[in-house]
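# Fold and contact review
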Amino acid sequence: MSRGPDRDPRRRAADSSSLTEPSARLKALFVLLVGLSGGTMALGGGASPRIVGLLTVGGVVAGAALLWYLLWILG
């Protein structure tokens, strides 16, 4: 029976992938912000709803790629 926070780094690494961590929320917000910026630019240009959706999805993919690259160069 142990008390207090778990000091095993392997267990902490496994737990850090949940969205309850502030850094994970910040990463998700970054990807969402990049994705929504593509959609809002399309709306401002008068695009059809289909194009707005495609650009939003494309922006999310681009945001995920940017996040991966940032984590890669900083890691």
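Our subject is the structure that appears above.
My aim in this report is to walk through the structure given alongside it, one point at a time. Since this is a predicted model, take the numbers as computed values, not measurements.

## Some points on helix H3 (residues 49–74)
Between its first and last C-alpha, H3 extends 37 Å over 26 residues, near the 38 Å set by a 1.5 Å rise per residue. Every buried residue of H3 is accounted for by Val52, Gly59, Gly63 and Leu67. Looking at the buried side of H3, the elements it contacts are helix H2 (22–44).

## Observations regarding the packing of aromatic side chains
Given two aromatic rings, their pairing is described by the distance between the two centres and the angle made by the two planes. One pass over the structure, following the stated rule, counts two aromatic pairs. Measuring from centroid to centroid gives 5.9 Å for tryptophan 68 and tryptophan 72, while their planes differ by 5 degrees, and the two rings are stacked. Remark: tryptophan 72 and tryptophan 68 occur in helix H3; sequence separation between them is four residues, near one turn of the helix. On the accessibility criterion, tryptophan 68 (56% relative accessible area) is exposed. A relative accessible area of 57% means that tryptophan 72 is categorised as exposed. With 6.0 Å between their ring centres and 40 degrees between their planes, tyrosine 69 and tryptophan 72 make a pair best called tilted. Taken together, the residues span about one helical turn, with tyrosine 69 and tryptophan 72 both in helix H3 at a distance of three residues.

Cut-off values and rules
Residues numbered from 1 in each chain as written. Predicted model: local features only at pLDDT ≥ 70, side-chain atom pairs only at ≥ 80, totals over all residues. Heavy atoms only, no water. Helix = DSSP H or I, 4+ residues; strand = E, 2+ residues; numbered from the N terminus. Expected span 1.5 Å × (residues − 1). Buried < 20%, exposed > 50% of the residue type's maximum accessible area, 1.4 Å probe, protein only. Contact = heavy atoms within 4.5 Å. Phe/Tyr/Trp six-rings, centres within 6.5 Å; stacked < 30°, edge-to-face > 60°.

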